[in-house]
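Fold and contact review
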Amino acid sequence: MRSFRASEEDAARFNEDGYLLVRGLFDKEEMSLLHQIAKSDMKKRSRVHAARDAEGRESKLWLSSEPGEDIYNAIVRCRRMADSMETLMNDEVYLYHYKMMVKEPVVGGAWEWHQDYGYWYRNGCLYPDMASVMVAVDRASKENGCLQVIKGSHKCGRIEHGVSGTQTGAEEARVQLMLEHMEHVYCELDPGDALFFHANLLHSSAPNESEHPRWTLICCYNTRHNPCRNLPGHPSYNYMEKWPDERIKEIGEAQLAAV
């Protein structure tokens, strides 16, 4: 088990770039448990819905904000995630939701350039003071559609969003202007790597044209001072209990044994 807490230097980098990449935040055993549980979790898989990109290809996901004694909550609430997020956001955070993003081999679709706050603004979130952590379950590469970001784009404020396929995408002309002047980064991740990123950071992903799946767990947090409507899967403030990092393996092993 790795012990990690974001430092003030990490927070300064996050504030400058809009993201922080942490290699090996979770070890091989933790990711093996998550991988096995997620891919055999029929209850969650029954909730999967597909979002089509502009070309009609599908990316799948399921989303939840339910508390419970499961490996998803153990990861969301663990100290290395929650304490680090509070350092980066300079406030108490709580669970907004977690979701598993599924890009199937060959057919998995793209995600258009967007800001998460482009969605969450419509949920009545007053400020963009929100952030997420993407945890790689499978290896994420350029070939299977890893996350792409525009470095520092969170400083540009909220961009207008419209419909692209069945997704919500940022205004194309504005995105192109940013790409002309800002750095375009491919965030290739190995299992257990984690990317913390601000809700206003523009990001996208290409379709999966490889023979390898790309599953990622994304844990989304809001800050206590940021009011929002209380919606299913997108709740208003509710105190989030933090759990010791050791509980990931304890709960994961028990959950896997019960499958």
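In what follows, the accompanying structure is described. Being a predicted model, the structure only gives us computed values, none of them experimental.

Burial analysis of helix α5 (residues 79-89) places 9 of its 11 residues in the buried class, which makes it a mostly covered element. The complete set of buried residues in α5 reads R80, M81, A82, D83, S84, M85, E86, L88 and M89. Once α5 ends, the next one or two residues include N90, with phi positive near 55 degrees.

Y72, I75, M81, M100, F196 and L217 are the most contacted members of the largest nonpolar core, which totals 70 residues. Top contributing element to this core by residue count: strand β4 (residues 93-103), with 8 residues. Once residues lying within four places of it in the same chain are set aside, the contact partners of M100 are L34, A38, K60, L61, W62, Y72, V137, W215, T216 and L217. Counting residues in hydrophobic clusters, the runner-up holds 7 residues, among them I159, A170, M178 and L202.

Attention now goes to the packing of helix α2 (residues 28-40) against helix α8 (residues 247-258). Each packed pair of helices is defined by two parameters, the angle between the axes and the distance between the axes. The contact between α2 and α8 brings their axes to 10 Å, and the two run at 35 degrees. Read as a crossing pair, α2 and α8 show a hand that is left-handed. Taken together, the residues of α8 that come into contact with α2 (itself represented by E29, E30, L33, Q36 and I37) are I248, K249, G252, E253, Q255 and L256.

The interhelical angle for the contact between helix α1 (residues 8-17) and α5, taken along N-to-C directions, is 60 degrees, at an axis separation of 8 Å. It follows from the interaxial angle that α1 and α5 lie oblique. Viewed along their axes, α1 and α5 form a crossing whose handedness is right-handed. Facing E8, D10, A11, F14 and N15 of α1, the residues of α5 in contact are T87, L88 and M89. Each residue belonging to the contact of α1 with α5 can be placed in one class, and the counts come to 4 nonpolar, 2 polar and 2 charged.

Before going further, it helps to spend a moment on the sheet that holds strand β10 (residues 184-187). On the basis of which strands lie adjacent, the open sheet formed by 4 strands has the order β5-β12-β7-β10 and antiparallel pairing. Because the sheet does not close on itself, it has two edges, and the strands there are β5 (111-114) and β10. Strand-to-strand, the axes of this sheet are offset by a mean angle of 25 degrees, without reference to chain direction. Direction of pairing for strand β7 (residues 147-150) relative to strand β12 (residues 203-205): antiparallel, over a ladder of 3 bridges.

Oppositely charged side chains may form a pair once their charged atoms are brought near each other. Counting across every chain of the model gives 19 salt bridges. In this structure, D10 and R13 form a salt bridge, with 3.1 Å as the shortest nitrogen-oxygen distance. With D10 and R13 both in helix α1 and 3 residues apart, the pair spans about one turn of that helix. Overall, the relative accessible area of 40% leaves R13 in the partly exposed class. E16 is the partner of K155 in a salt bridge, and the nearest nitrogen-oxygen pair spans 3.0 Å. Of this pair, K155 sits in the loop between β7 and β8 (161-164) while E16 sits in helix α1; the two residues are 139 residues apart in sequence, bridging distant segments of the chain. Look at the salt bridges and you will find they share partners, linking R5, E30, R79, R80, D83, E86, K242 and D245 into a network.

Each pair of aromatic rings is reported with the distance of its centres and the angle of its planes. What the rule picks out here adds up to 6 aromatic pairs. The interplanar angle of 75 degrees and the centroid separation of 5.1 Å between the aromatic rings of W62 and Y72 together place this pair among those described as edge-to-face. Of this pair, W62 sits in strand β3 (residues 58-64) while Y72 is found in helix α4 (residues 71-77), placing the two residues 10 residues apart along the sequence. We note that W62, like Y72, is buried. Aromatic side chains Y94 and Y237 sit 5.4 Å apart centroid to centroid with 90 degrees between the ring planes, which places their arrangement in the edge-to-face category. Linking Y94 in strand β4 with Y237 in the loop between β13 (214-223) and α8, this pair joins segments that are 143 residues apart in sequence. The class of Y94 is buried, set by a relative accessible area of 0%. A relative accessible area of 31% places Y237 in the partly exposed class. Ring-pair connections join several aromatic residues into one group, and the members of that group are W62, Y72 and Y98. Sitting above the plane of the W243 ring, R247 keeps its charged end 4.3 Å from the centroid.

About the cut-offs
Residues numbered from 1 in each chain as written. Predicted model: local features only at pLDDT ≥ 70, side-chain atom pairs only at ≥ 80, totals over all residues. Heavy atoms only, no water. Buried < 20%, exposed > 50% of the residue type's maximum accessible area, 1.4 Å probe, protein only. Helix = DSSP H or I, 4+ residues; strand = E, 2+ residues; numbered from the N terminus. Core = buried A, V, L, I, M, F, W, Y, C linked by side-chain atoms within 4.5 Å. Contact = heavy atoms within 4.5 Å. Axes fitted to C-alpha atoms, helices over the stretch in contact; angles between N-to-C directions. Left-handed = near helix turned anticlockwise from the far one by under 90°. Parallel < 35°, antiparallel > 145°, perpendicular 65-115°, else oblique. Nonpolar A, V, L, I, M, F, W, Y, C, P; charged D, E, K, R; others polar. Pairing = 2+ DSSP bridges. Salt bridge = Lys/Arg side-chain N within 4 Å of Asp/Glu carboxyl O. Phe/Tyr/Trp six-rings, centres within 6.5 Å; stacked < 30°, edge-to-face > 60°. Lys NZ or Arg CZ within 6 Å of the ring centre and 35° of its normal.

By themselves, these observations are geometric and do not establish any function.
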